[in-house]
Amino acid sequence: MSQVDRRGFLLGGMAAAGLGASGGLLVSRLALAAGPDGPRGEARLVFVILRGALDGLAAVPPWGDPDYGRLRAGIAIAAPGAAEGALPLDGLFGLHPRLAFLHECYAAGELTVFHAVAGPYRQRSHFDGQDVLENGATAAHALQTGWLNRALAALPAPARQGRQQLGVALGRNLPLLMRGPAAVASWAPSRLTALDEDTLQRVQDLYAQDPLLAQRLADALATNAMAAAAGGDSGRGAGPAARYAEVVRATAGFLRREAGPRIAVFDSQGWDTHANEGAAQGQLGQRLGALDAGLRLLKDELGSAWRDTAVILATEFGRTAAVNGTRGTDHGTATVAFLLGGAVRGGRVVADWPGLSARALYQQRDLAPTLDLRSVLKGVLQEHLQVPGPDLDRSVFPGSEGAAPLRDLIRA
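For clarity, every value in this text was computed on a predicted model and none was experimentally measured. (Residues numbered from 1 in each chain as written. Predicted model: local features only at pLDDT ≥ 70, side-chain atom pairs only at ≥ 80, totals over all residues. Heavy atoms only, no water.)

Visitor: What exactly am I supposed to notice about unusual backbone geometry here?
Guide: Among all residues except glycine, the phi angle is most often negative; among peptide bonds, the trans geometry is most common. A positive phi angle, near 60°, is found at arginine 327, a position not held by glycine. Along the chain, the position of arginine 327 falls in the loop between strand E10 (309-315) and strand E11 (335-340). You will see that glutamine 364, though not glycine, has its phi angle at about 60°, which is positive. Looking at the secondary structure, you find glutamine 364 in the loop between strand E12 (348-350) and strand E13 (371-372). (Helix = DSSP H or I, 4+ residues; strand = E, 2+ residues; numbered from the N terminus.)

Visitor: Quick question: what am I supposed to make of the packing of helix H4 (residues 100-107) against helix H11 (residues 283-302) here?
Guide: When two helices pack together, their arrangement is given by the angle between their axes and by how far apart the axes lie. Axis separation between H4 and H11 bottoms out at 7 Å; the angle between their running directions is 50°. Classified by the angle between their axes, H4 and H11 sit oblique to one another. Contact residues: H4 offers Ala100, Phe101, Leu102 and Glu104, while H11 offers Asp292, Leu295, Arg296 and Lys299. In terms of residue class, the contact of H4 with H11 is built from four nonpolar, no polar and four charged. (Axes fitted to C-alpha atoms, helices over the stretch in contact; angles between N-to-C directions. Parallel < 35°, antiparallel > 145°, perpendicular 65-115°, else oblique. Contact = heavy atoms within 4.5 Å. Nonpolar A, V, L, I, M, F, W, Y, C, P; charged D, E, K, R; others polar.)

Visitor: Just to check I follow, could you spell out empty space enclosed by the protein for this structure?
Guide: Empty pockets left among the atoms are what a rolling probe the size of a water molecule brings to light. By the definition in use, this model includes five cavities of 30 Å³ or more. The space that makes up the largest cavity amounts to roughly 200 Å³. In this structure, the largest cavity is lined by 22 residues; those nearest its centre are Ala118, Gly119, Leu133, Thr315 and Leu373. Contributing elements (two or more residues each) for the lining of the largest cavity: strand E6 (111-118), helix H5 (126-135), E10, E11 and helix H12 (373-385). Taken together, the residues of the lining of the largest cavity break down into 14 nonpolar, six polar and two charged. (1 Å grid on protein atoms, 1.4 Å probe; cavity = no way out; pocket = protein on both sides within 12 Å on 5 of 7 lines; lining within 4 Å. Points joined across faces, edges and corners; volume = space filled by probe spheres on them.)

Visitor: Just to check I follow, could you spell out the pattern of salt bridges for this structure?
Guide: Pairs can form between side chains of opposite charge once their charged atoms are near each other. The final tally for this structure, using the stated rule, is 15 salt bridges. Note that arginine 51 and glutamate 134 form a salt bridge whose closest N and O atoms lie 3.0 Å from each other. Highlighted residues: arginine 51 in the loop between strand E3 (44-50) and helix H2 (56-59) and glutamate 134 in helix H5, separated in sequence by 83 residues. Residue class for glutamate 134 comes out buried when judged on its relative accessible area of 5%. In this structure, aspartate 366 and arginine 124 form a salt bridge, with 2.5 Å as the shortest nitrogen-oxygen distance. Residue aspartate 366 is found in the loop between E12 and E13, and its partner arginine 124 is found in the loop between E6 and H5; the two are separated by 242 residues along the sequence. Classification of aspartate 366 by relative accessible area gives buried; the value is 0%. Here the salt bridges share partners, and the residues they tie into one network are Arg51, Glu134 and Asp267. (Salt bridge = Lys/Arg side-chain N within 4 Å of Asp/Glu carboxyl O. Buried < 20%, exposed > 50% of the residue type's maximum accessible area, 1.4 Å probe, protein only.)

Visitor: Is there a simple way to think about the side chain of glutamine 283 in this case?
Guide: Within the element layout of this structure, glutamine 283 appears in helix H11. Residue classification places glutamine 283 among the buried residues on the basis of a relative accessible area of 8%. A polar contact is formed between the side chain of glutamine 283 and the backbone oxygen of asparagine 276, at a distance of 3.2 Å. (Polar contact = N/O pair within 3.5 Å; in protein donor to acceptor, adjacent residues only side chain to side chain.)

Visitor: Just checking my understanding: could you explain H12 for this structure?
Guide: Residues separated by three or four positions in an α-helix point in the same direction, a consequence of the helix having 3.6 residues per turn. Over its 13 residues, H12 extends 17 Å from the first C-alpha to the last, a length consistent with the 18 Å expected when each residue adds 1.5 Å. Across the 13 residues that make up H12, a large majority, 13, are buried. Phi turns positive, to about 65°, at glutamine 386, one or two residues after H12. (Expected span 1.5 Å × (residues − 1).)

Visitor: Any chance you could explain helix H13 (residues 389-396) here in plain terms?
Guide: Every buried residue belonging to H13 is among Gly389, Asp391, Leu392 and Val396, and all of these are buried. One side of H13 holds all its buried residues, which, seen down the axis, span an arc of 160°. On its buried face, H13 is in contact with helix H6 (147-153) and H12. (Arc of directions from axis to C-beta.)

Visitor: Would you mind showing me how to read the environment of threonine 320 here?
Guide: When you line up the elements, threonine 320 lands in the loop between E10 and E11. When the C-alpha atoms of threonine 320 and arginine 365 are compared, they prove to be 5.8 Å apart, with 45 residues separating the residues in sequence. Residues in contact with threonine 320, not counting those within four places in the same chain, are Arg72, Thr329, Asp330, His331, Gly332, Arg365 and Asp366. A distance of 3.1 Å separates a polar atom in the side chain of threonine 320 from the backbone oxygen of alanine 322.

Visitor: Please explain the packing of aromatic side chains as it appears in this structure.
Guide: The geometry of an aromatic ring pair is captured by two quantities: the separation of the ring centres and the angle between the planes. In the structure shown here, the tally under the stated rule is five aromatic pairs. Both rings, one in phenylalanine 93 and one in tryptophan 353, keep their centres 5.1 Å apart while their planes meet at 85°; by these two values the pair is edge-to-face. Pair noted here: phenylalanine 93 is in the loop between strand E4 (87-88) and strand E5 (94-95) and tryptophan 353 is in the loop between E12 and E13, with a separation of 260 residues, a long-range link. Considered together, phenylalanine 93 and tryptophan 353 belong to a single accessibility category, that of buried residues. Residues tyrosine 121 and phenylalanine 317 carry aromatic rings whose centres are separated by 6.4 Å and whose planes lie at 25° to one another, so their mutual orientation is stacked. In this pair, tyrosine 121 is assigned in the loop between E6 and H5 and phenylalanine 317 in the loop between E10 and E11, connecting sequence segments 196 residues apart. Accessibility expressed as a relative area gives 12% for tyrosine 121, which makes it buried. (Phe/Tyr/Trp six-rings, centres within 6.5 Å; stacked < 30°, edge-to-face > 60°.)

Visitor: I would appreciate a short explanation of the environment of arginine 411 in the present structure.
Guide: Note that arginine 411 resides in the segment after H13. Note on arginine 411: relative accessible area 26%, which makes it partly exposed. Expressed as a C-alpha distance, the spacing of arginine 411 and glycine 342, which sit 69 residues apart in the sequence, is 8.5 Å. In this structure the side chain of arginine 411 is engaged in a polar contact, spanning 2.7 Å, whose partner is the backbone oxygen of glycine 109. One polar contact links the side chain of arginine 411 to the main-chain carbonyl oxygen of glycine 342, over a distance of 3.2 Å.

Okay, structure coming up:
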């Protein structure tokens, strides 16, 4: 399917779902119905937090927008068919050339891309933005529990039977997203980075105010990132590819177990590209390539369970539309989110595209948000996990009544 207008997508999906917004007509995805390849298994969900504000205009470049090349001079991704050009999605959007596995998923109908998407947060602090992304409220620090944990607590009783923990968090710390009333497991990888990523992010934000310091730090980090992605250690622990491999194998191991958890969360660091971002090659390209390889490994490791799996990738906010003075991008607003997996009704881009003209930009600097990320998350939770509609508005995402769940995101 080519580019989809968000308003038409919402209305068409609601008409098809009938009374589905109340949860009454939805078929439980935790005891999935028979599909074309035979009976389905239990639904599985993986949520990947991309910490640091992923550049959505690089990950999914709007190469067909006439203002894209002008704003992104020096780091623009070329049009499909050109050397190191975007991987084609439709007449407006493509994928970054390092996202080959995601492109295969799109062609197989297993990837939906959401563009010009944002949560309710409109400032530019990584830490507050991540708090809102995880707490599910409309402001930072408004809640001390996470929306995904509250969603687990709201699952129908049959979904909770036979399992001590429905979810598992993989990482050094239990993220806010998974804190709350529902019991969850946790697992820590053996490979830990030598420098805490939050500390590094704070240093980058501080240096961003000084072009010379920012450039020198970015040069050093870009060299380290490329060495690590190529297999070296770079003095900061295992590279991103090795860290993804360990976490992904553990994720699949948990989700494959018959009585194991059905929801997993892990995060990915290093998306704060203030300087030397690069285009098809460079710092961001290395990160995207490692992420793409990790997702391919996840599919391989899940085996037949991939067919019942949905994976959500989301970040706290996007980046500026224009390139800054250090060949990077600063903190922005709208960005992209991805939904992939064998359970996904994909092969489409969902975007009410605002454009990149000067008057279309949010606060004259950012891609304007036109789709609420909570609409995506609510649609997946309701269709895939059978979280009741009233609970989505009341307890999972309080204050989100204006963000209607998207429909037809998951295969019947």
